[in-house]
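# Secondary and tertiary structure notes
So you can see what is in the structure, the chains are spelled out below.
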Amino acid sequence: MKNLFSVEGKTVLITGGSRGIGEMIATGFVENGAKVYITARKAQACNELAEELSKKGTCISLPFDLGTQEGIAGIAAELGKREPKLDVLINNAGAAWGEPIDEYSESGWDKVQNINLKGVFFLTQKMLPLLRKSASADNPARVINTASVNGIEPPDLETYAYSSSKAGVIMLTRHLAKRLAREHILVNAIAPGPFPSQMMKATLETFGDAIKAGNPLGRIGTPEDAAGVAIFLASRASAYTTGATIPVDGGSAEV
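Residues numbered from 1 in each chain as written. Predicted model: local features only at pLDDT ≥ 70, side-chain atom pairs only at ≥ 80, totals over all residues. Heavy atoms only, no water.

Right, let's get into the sheet that holds strand β7 (residues 245-248). Strand order in this open sheet of 7 strands is β3-β2-β1-β4-β5-β6-β7, and the pairing throughout is parallel. Two strands in the sheet have a free side with no partner beyond their single neighbour: β3 (58-61) and β7. With strand direction ignored, the average angle separating the axes of adjacent strands in the sheet is 20°. Relative to β7, strand β6 (residues 185-192) is paired through 4 bridges, and the arrangement is parallel. Across the sheet, A189 pairs through a bridge with T245, a residue of β7. The strands touched by helix α2 (residues 43-53) are β2 (35-39) and β3; relative to β3, the strand with the most contacts, the crossing angle is about 165°. (Pairing = 2+ DSSP bridges. Helix = DSSP H or I, 4+ residues; strand = E, 2+ residues; numbered from the N terminus. Axes fitted to C-alpha atoms, helices over the stretch in contact; angles between N-to-C directions. Contact = heavy atoms within 4.5 Å.)

Listed below in structure tokens is the structure:
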């Protein structure tokens, strides 16, 4: 029963890893001995965080735009040159778009769906060769998708593409889990509630006190909350768990 939650020595790729929840998860894995690759569209932010986290362990920046098929193919090829296998893929890159229903734009809808849902499927597809090389019955490979409580409970904000894409991530997680279990690849999702991320910055500045007051635990999430669940899903502790979506929201979508 020792080392149930160890991720030491694992090779991990985290998309959207340069800020927000991706940065929180990357920090947790680096500090616990994993070899972490982070990717994001903005190279400077990605490079700067990798340099900072490398003071604590191993973190490598591979900037790509995962909202495009070219970016997805590019990172798959680059990682394949560097690593013989991939133990953990964390599909965390995401975007949001809010507009009144009568004005909601097709371009905003497509941007969100391409990154949040389409990108999750096609990056997972392209990473399967490396994940298969890691996978075994005793030590499965892992795919961890970042969904959202907004994919479980509709939000009050007019973010229709976002909530729809995250609901799609939850079903895609279940579908991939069913298909890939026979290959010893586990697929699970995290559904975060409010965290201090760039995406949530404006919302928390305006409604932060009300969000805390309405949360059963009376607070927003911390970096340890995000990293802890991801580390669980990447470790031996979760080796019999697949197809699950774990809310990380202080109980707001469940109570």
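This part covers unusual backbone geometry. Although it is not a glycine, N3 sits at a positive phi angle of roughly 60°. You will see that H184, though not glycine, has its phi angle at about 65°, which is positive. Relative to the helices and strands, H184 resides in the loop between α5 (160-180) and β6.

We now examine the packing of aromatic side chains. Counted according to the given criterion, the structure contains 4 aromatic pairs. Relative to W109, the ring of Y104 has its centre 6.3 Å away and its plane inclined at 80°; by these criteria the two rings are edge-to-face. Looking at W109, the relative accessible area reads 33%, which means it is partly exposed. Members of the aromatic cluster, joined through ring pairs, are Y104, W109 and Y160. (Phe/Tyr/Trp six-rings, centres within 6.5 Å; stacked < 30°, edge-to-face > 60°. Buried < 20%, exposed > 50% of the residue type's maximum accessible area, 1.4 Å probe, protein only.)

Before going further, it helps to spend a moment on helix α3 (residues 69-82). Taking 1.5 Å as the rise per residue, α3 with 14 residues should run 20 Å; its terminal C-alpha atoms sit 20 Å apart, in good agreement. For α3, the set of buried residues is G71, I72, I75, A76 and L79. Take α3 and look down its axis: the buried residues cluster within an arc of 130°, on one side only. Along α3, the residues that are exposed and aim more than 90 degrees away from the buried face are E70 and K81. Those residues of α3 that are buried lie in contact with β1 (11-15), β2 and α4 (106-134). (Expected span 1.5 Å × (residues − 1). Arc of directions from axis to C-beta.)

Okay, the packing of helix α1 (residues 20-31) against helix α7 (residues 223-234) next. Packing of α1 against α7 brings their axes to within 8 Å, and their N-to-C directions diverge by 60°. Comparing the axis directions of α1 and α7 gives the class oblique. Our pair here, α1 against α7, has a crossing hand that is right-handed. Between α1, through I21, M24, I25, G28 and F29, and α7, the contact on the second element is made entirely by P223, A226, A227, A230, I231 and A234. Grouping the constituent residues of the contact of α1 with α7 by class yields 10 nonpolar, 1 polar and no charged. (Parallel < 35°, antiparallel > 145°, perpendicular 65-115°, else oblique. Left-handed = near helix turned anticlockwise from the far one by under 90°. Nonpolar A, V, L, I, M, F, W, Y, C, P; charged D, E, K, R; others polar.)

What follows covers the pairing of strand β4 (residues 88-91). Going residue by residue along β4, you find V88 and I90 tucked away on one face and L89 and N91 tucked away on the opposite face as well. Pairing geometry for β1 and β4, over 3 bridges, is parallel. Residue pairing for β4: L13 is matched across the bridge by L89. When β4 meets strand β5 (residues 141-146), the two strands line up parallel, connected through 4 bridges. Of the residues in β5, the one forming a bridge with I90 is I144. With respect to chirality, the unit in which β4 leads through α4 into the neighbouring parallel β5 is right-handed. (Right-handed = clockwise from strand over helix to strand, strands pointing away.)

This part is about the side chain of T11. For T11, the location among the structural elements is in strand β1. Those residues in contact with T11 that sit more than four places away from it in its chain are K35, Y37, E83, K85, L86, D87 and V88.

Here we come to empty space enclosed by the protein. Under the criterion given, the structure shown has 2 cavities of 30 Å³ or more. Computed from the structure, the largest cavity encloses a volume of approximately 60 Å³. In terms of residue count, α4 provides more of the lining of the largest cavity than any other element does, 4 residues in total. Considering the residues around the second largest cavity, the lining is formed by I21, I25, T146, I190, P192, F195, A226 and V248. Every element with two or more residues in the lining of the second largest cavity is listed here: α1 and β6. Taken together, the residues of the lining of the second largest cavity break down into 7 nonpolar, 1 polar and no charged. (1 Å grid on protein atoms, 1.4 Å probe; cavity = no way out; pocket = protein on both sides within 12 Å on 5 of 7 lines; lining within 4 Å. Points joined across faces, edges and corners; volume = space filled by probe spheres on them.)

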